[in-house]
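So you can see what is in the structure, the chains are spelled out below.
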Amino acid sequence: MQRRAPSRRPNSAHPAPRRWVRQFQRPPAANTSRRNGPTPLSGRRRSAHSRTATFALIGGGLALAMVGLCLLVAVAGFAVLLSSDRVLPGVSAAGVDVGNLSEGDATAALALAWANDGIVIRDGARTWTAAPGEIGIALDANATAAQAREWGRSEGGVSGLFRALSGGVEIAPVLAVDLNRATDYLGAAKETIDVPAANAGVRLVNGQAQTTPASDGRVLDVAQTVRLLQIDAAVELADGALDLVMIPTQPTITDATPLVAQANVLLSSPFQVDAYDPIRDEWQHWSAPPDVWAGWLEASSDSSSTTGLALVMDEAGPTGFLQSSAAFGDERYIDVEDAVADMQAAIAQGQTAATVRVWHHETTYTVQGGQTLASIGEQVGIPYPYIQAANPGVNVDALSAGQELVLPSKDVLVPLDPIPSKRIVVSRGQQHLWAYENGQVVFDWVISTGLPTSPTALGVFQVQSHDENAYAAQWNLYMPDFMGFYHPGPNMDLWNGFHGFPTRGGGYLLWEGDLGTPVTYGCVLLSLENARTLYTWAEDGVVVEVRGS
């Protein structure tokens, strides 16, 4: 059914129209005195006057007859209308026009509109639509249609009848409201509904910074909006819309003039965002020109500033910029909230560049014939216990071709903030290590990795711990200058890492003559001198890449 344009409340009652009846007056009787006698002229005048009076009486009678006939027809029409089971024309309920519908059809129309159109949530000119169940509001369509059918009959009286015929009646719907659910819904939606007040800021005009005016805001009063539903939800939703109670707010800074000089310095350059992918060792770069990112700046209170103000970056601008720019087309993404915080921190330090991290979602893998979980782990660069943990219930001893496995994000192996300027690369095939700083090789050493029965895992990892003399209880070994860079499995305390020649039993060194040959139980072995050098150079966060060749 067609839905009426929302109005705030049902119309107030109007008095019944007054009835007006035209009154006719008989003309005065003619003078028949014989004392003077009639004259021909006076006789003619009386005759004309008499004819006029006669015509007036006839016309008046006809008019009265027509009025009466119209009244009889109208009364008969009203009687037929009132005796039917149809809702009177002009009646709406919950914003749905149910006029001229039978009670059954009105019930169906109300139920359909309530289910499909939802409830309009309104803040002045701003509107949203929500499913009634989300807000916890249920419509009794049968009872509402019955009330609509009674309007102008037992409800509303004669005045209600005329109001309905003039198209001005909105029936309050029969509702059931879950106030807790309504509170939860509005509380969750508050962040998107609120319009924060905006402090004064700056903009770029012909290459020069100028101030922008502050603006008022308004925030949703959840408790008061729910209270209106509690008091009388039917009245609040009579027109099919819930009007929100909003509290006006004011900006704290209304003049950013003292910051124009600082803004001119910052806005002489574009804002650069550099995104680093530690897994792929790749960079992405996005740049916002000054005339774009100038609109992101606003003033904020700062007691440490000589002006008492500081330029800050409103999060809405960079958020939209990153969401439109950082589209990789694969499993990679950036944490927009963290990236915006990094950009805001850069502005606070007077910088126009920020470095952010590229992250990776989990992916899926299709098992090939003859593969095991261990061989899959080698192929994808994730220790197989992590894959096993991501696929609970999978029989690791009976994988079948075509089977789908979940691969955890490789970020679980690189949990710390990476240090892009440094990277350690280990080759199992060549038994060699290279350390890079700013793209240049700084160390190039022969090393030993794990035995074939306990290999050093392939993949991308990260230095996460330093211990000058770590103890491996399982093998009764002390390992000097130990740097742990991966756990063999999730939730394991055991580390595999870099270390120098180990000792056992209080003094003698192991594997001194074995560099260049796999001999460890998963760690990477270096000479004592090289282990000390790497231990000092590689802080926590340096990425470690273990390759097969």
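Above this text sits the structure in question.
Owing to the predicted nature of the structure, the values given are computational and were not obtained by experimental measurement.

### Observations regarding the overall build of the chain
Across its full length, the chain holds 14 helices and 31 strands. Taking all 549 residues of the chain together, 40% fall into the buried category. Element-wise, carbon and sulfur atoms account for 53% of the exposed surface of the chain, whose accessible area totals about 28,900 Å².

### Here we look at the packing of aromatic side chains
Following the criterion strictly, the structure yields 13 aromatic pairs and no others. Considering the side-chain rings of Trp 296 and Phe 321, the 5.5 Å spacing of their centres and the 50° angle between planes classify their relative orientation as tilted. Linking Trp 296 in the loop between helix H9 (290–293) and strand S15 (297–301) with Phe 321 in helix H10 (residues 316–325), this pair joins segments that are 25 residues apart in sequence. Of the residues examined, Phe 321 reaches a relative accessible area of 13% and is grouped as buried.

### Quick word on the sheet that holds strand S6 (residues 169–171)
The sheet built from three strands is open, its strands ordered S2-S1-S6 with mixed pairing. The sheet is open, and its two borders are formed by strand S2 (96–97) and S6, each paired with just one other strand.

### Things to note about unusual backbone geometry
Positive phi, normally seen in glycine, also occurs at Asn 476, with a value near 55°. Positionally, Asn 476 belongs in the loop between strand S25 (465–472) and strand S26 (477–486). One non-glycine residue, Asn 491, adopts positive backbone phi at about 60°.

### So, the environment of Asp 255
Mapping Asp 255 onto the fold places it in the loop between strand S12 (246–249) and helix H8 (260–266). Every residue in contact with Asp 255, bar those within four places of it in the chain, is listed here: Ala 200 and Leu 309. There is a polar contact of 2.5 Å between the side chain of Asp 255 and the side chain of Thr 257.

### Regarding the packing of helix H2 (residues 103–116) against helix H4 (residues 141–150)
Running from N to C, H2 and H4 point in directions that differ by 130°, and their axes come no closer than 8 Å. In terms of orientation, H2 and H4 fall into the oblique class. Once H2 is placed against H4, the crossing between them reads as right-handed. Contacts between H2 and H4 pair Glu 103, Ala 106, Thr 107, Leu 110 and Ala 111 from the former with Ala 141, Asn 142, Thr 144, Ala 145, Ala 146 and Arg 149 from the latter. Along the lines of polarity and charge, the residues of the contact of H2 with H4 split into six nonpolar, three polar and two charged.

### Observations regarding the sheet that holds strand S21 (residues 422–427)
Read from one edge of the open sheet, five strands run S23-S22-S21-S31-S24, paired in mixed fashion. In this open sheet, the two edge strands, each paired with only one partner strand, are strand S23 (440–446) and strand S24 (459–462). Each strand axis lies, on average, 20° off the axis of its neighbour in the sheet, ignoring direction. The pairing of S21 with strand S22 (residues 432–437) spans six bridges and is antiparallel. Bridge pairing links Arg 423 to Tyr 436 in S22.

### What about the nonpolar core?
In this structure, Val 91, Val 98, Leu 110 and Ile 135 are the most contacted members of the largest nonpolar core, which totals 39 residues. Other than its neighbours up to four places away in sequence, Val 98 contacts Val 87, Val 91, Ser 92, Ala 93, Ala 106, Leu 110 and Ala 148. One finds Ile 382, Trp 445, Ala 457 and Phe 485 within the second-largest nonpolar core, a separate group that totals 38 residues.

### Some thoughts on helix H12 (residues 373–380)
Among the residues of H12, Leu 373, Ile 376, Gly 377 and Val 380 are the ones counted as buried. For H12, the buried positions fall inside an angular range of 100° around the axis, keeping them on one side. If you follow the buried residues of H12, they end up packed against strand S19 (363–366), helix H13 (384–390) and strand S20 (404–407). Residue Gly 381 follows H12 closely and has a positive phi angle near 80°.

### Things to note about the environment of Leu 88
Relative to the elements of secondary structure, Leu 88 occurs in the loop between helix H1 (40–83) and strand S1 (91–93). Separated by 60 residues in the primary sequence, Leu 88 and Ala 148 have C-alpha atoms spaced 8.0 Å apart.

### What to know about the pattern of salt bridges
Considering all chains together, one arrives at 19 salt bridges under this definition. Asp 281 is the salt-bridge partner of Arg 423, the closest N and O atoms lying 3.8 Å from each other. Placement of the pair is Arg 423 in strand S21 and Asp 281 in the loop between strand S13 (271–277) and strand S14 (282–288), with a sequence separation of 142 residues. Through salt bridges with shared partners, a single network forms among Asp 277, Arg 280, Glu 282, Asp 330, Glu 331 and Arg 332.

### Examining a negative patch on the surface
On the surface, a cluster of negative charge is contributed by Glu 191, Asp 314, Glu 315, Glu 337, Asp 338, Asp 342 and Asp 417. Considering each element in turn, the negative patch owes the most residues, three residues, to helix H11 (residues 336–348). Along the chain, Glu 191 falls in helix H6 (residues 179–193). Exposure remark for Glu 191: the relative accessible area of 69% places this residue in the exposed category.

### So, the packing of H10 against H11
Viewed as axis vectors pointing N to C, H10 and H11 meet at an angle of 125°, and their least axial separation amounts to 10 Å. Judged by the inter-axis angle, H10 sits oblique to H11. When you trace H10 past H11, the crossing you get is right-handed. Within the contact between the two elements, H10 uses Pro 318, Thr 319, Leu 322 and Gln 323 and H11 uses Val 336, Ala 339, Val 340 and Met 343. Class assignment for the residues of the contact of H10 with H11 results in six nonpolar, two polar and no charged.

### Some words on H10
Because an α-helix packs 3.6 residues into every turn, residues spaced three or four apart end up facing the same way. Among all positions of H10, only Gly 317, Pro 318, Phe 321 and Leu 322 are buried. Projected down its long axis, H10 shows its buried positions confined to an angular sector of 120°, all on one face. Exposed residues on H10 whose side chains face more than 90 degrees from its buried face are Ala 316, Gln 323 and Ser 324. In this structure, the buried residues of H10 make contact with S13, S14, strand S16 (309–313), strand S17 (332–334) and H11.

Definitions and cut-offs
- Residues numbered from 1 in each chain as written.
- Predicted model: local features only at pLDDT ≥ 70, side-chain atom pairs only at ≥ 80, totals over all residues.
- Heavy atoms only, no water.
- Helix = DSSP H or I, 4+ residues; strand = E, 2+ residues; numbered from the N terminus.
- Buried < 20%, exposed > 50% of the residue type's maximum accessible area, 1.4 Å probe, protein only.
- Areas by Shrake-Rupley, 256 points an atom, 1.4 Å probe, with all protein chains shown as cover.
- Phe/Tyr/Trp six-rings, centres within 6.5 Å; stacked < 30°, edge-to-face > 60°.
- Pairing = 2+ DSSP bridges.
- Contact = heavy atoms within 4.5 Å.
- Polar contact = N/O pair within 3.5 Å; in protein donor to acceptor, adjacent residues only side chain to side chain.
- Axes fitted to C-alpha atoms, helices over the stretch in contact; angles between N-to-C directions.
- Parallel < 35°, antiparallel > 145°, perpendicular 65-115°, else oblique.
- Left-handed = near helix turned anticlockwise from the far one by under 90°.
- Nonpolar A, V, L, I, M, F, W, Y, C, P; charged D, E, K, R; others polar.
- Core = buried A, V, L, I, M, F, W, Y, C linked by side-chain atoms within 4.5 Å.
- Arc of directions from axis to C-beta.
- Salt bridge = Lys/Arg side-chain N within 4 Å of Asp/Glu carboxyl O.
- Patch = residues over 30% accessible without salt bridge, like charges linked within 9 Å, V, L, I, M, F, W, Y side chains within 5 Å.
- Lys, Arg positive; Asp, Glu negative; His and termini not counted.
- Charge placed at Lys NZ, Arg CZ, Asp CG, Glu CD.

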